[in-house]
Amino acid sequence: MNWVLLLLTIVLIAVLYERFTGDYVPYIGETIGDVVDKVPKIDISGLLDRAKDWGFHFDDIFSFDAMDGNGTAPGWRSKEGEGLHLNIANGLTTDWHGFFYQAVSDWDAGSPDVLTLSTYVVDPDPECAPIQGEMKVCNADFGNTGWEGINEVMIRGRYIVASVAKMNEFYLSATVETGKAVFIGDKRLYTMCHEIGHGFGLMHLDENFTNADLGSCMDYSGRPQNNLLPSQADFDILNEIYGDGEDTDGRTGEDTDGRTRRRNLRVSRNLNYRFNGMLVEKRVYYLMAKPI
């Protein structure tokens, strides 16, 4: 028996299993993941682009996720065509409950309707400890961080395994001066809608505060009152991830009208994060406070 060939075969099976299921083979896959995450990443985007010119598409075999967060977005594990069924834990103080339930209702009422969302209340949790298999939403005064809200998404293999959305009271407290014609209630609902959207796997539509509003809470805007709801572009993307869209494997980078979502510069990634004993990627999306 050629032990080297046997070992390589086991490694290949473990890698393919992780790639297509999003799970590690116990012990084997976890060890391989630890090793792979320590190997320096090589930029082969130029080679991939040239391969497409030859008529070969690597995405037919594997999906490559750009380090800057542009182009692809992981989604939760779901059965193809059955939509996403997700529990969302309300870890907010009571003054935020109205904004939370409104945002959840708005996301749950999309067309195509691929989201089935359930909510329950937990004790207010300023630490916002993630819950495996669920999204959790919290608020606290996180200080002068520069961001009004963030979503910390835990990704294992190809799928989201947990998400926490944090509302920063430093910028969103009822006593904060918001500026002319901007109401704190609008900022709260806009931020809530935005961060919950990240929890489904959506990226920013735009990251420019001063250009024309896109009518989506996933758009950066200094006029939150014009962007309080998800847009049709957002629901089309969700349909691609969880519904009957062309791409149902949990990753997508374009709206169905062909407009590519803009580069997400406000994102950070930790590829060696431990969550519930698992090695995951921790990806953080930021909604920055508008410069005054």
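The structure reproduced in this document is the subject of the present report. This is a predicted model, so every value here is computed, not measured.

## Thoughts on the overall build of the protein chain
Next, step 1: Tallying secondary structure elements over the protein chain gives seven helices and eight strands in all.
Next, step 2: In the protein chain, which comprises 292 residues, the share counted as buried stands at 49%.
Next, step 3: In the protein chain, the share of contacts with a sequence separation of at least 24, taken over all contacts with a separation of at least 6, comes to 67%.

## Here's the deal with the side chain of His-204
Next, step 1: Within the fold, His-204 resides in the loop between helix H6 (184-199) and helix H7 (232-242).
Next, step 2: Classification of His-204 as buried rests on a relative accessible area of 0%.
Next, step 3: A polar contact is formed between the side chain of His-204 and the side chain of His-194, at a distance of 3.2 Å.

## A few points about the pattern of salt bridges
Close approach of charged atoms allows side chains with opposite charge to pair.
Next, step 1: The final tally for this structure, using the stated rule, is nine salt bridges.
Next, step 2: Between Lys-136 and Asp-125 there is a salt bridge whose closest N-O contact spans 2.6 Å. One end of the pair, Lys-136, is in strand E4 (residues 135-140); the other, Asp-125, is in the loop between strand E3 (115-121) and E4, with eleven residues separating them in the sequence. Pair check on accessibility: Lys-136 and Asp-125 agree, each one buried.
Next, step 3: The shortest N-O distance in the salt bridge between Lys-282 and Glu-152 comes to 3.8 Å. One end of the pair, Lys-282, is in strand E8 (residues 278-288); the other, Glu-152, is in strand E5 (residues 147-156), with 130 residues separating them in the sequence.
Next, step 4: Judged by its relative accessible area of 11%, Glu-152 falls in the buried class.
Next, step 5: Salt bridges linked by common partners bring Asp-95, Glu-169 and Arg-188 together as one network.

So, how was this worked out
- Residues numbered from 1 in each chain as written.
- Predicted model: local features only at pLDDT ≥ 70, side-chain atom pairs only at ≥ 80, totals over all residues.
- Heavy atoms only, no water.
- Helix = DSSP H or I, 4+ residues; strand = E, 2+ residues; numbered from the N terminus.
- Buried < 20%, exposed > 50% of the residue type's maximum accessible area, 1.4 Å probe, protein only.
- Contact = heavy atoms within 4.5 Å.
- Polar contact = N/O pair within 3.5 Å; in protein donor to acceptor, adjacent residues only side chain to side chain.
- Salt bridge = Lys/Arg side-chain N within 4 Å of Asp/Glu carboxyl O.

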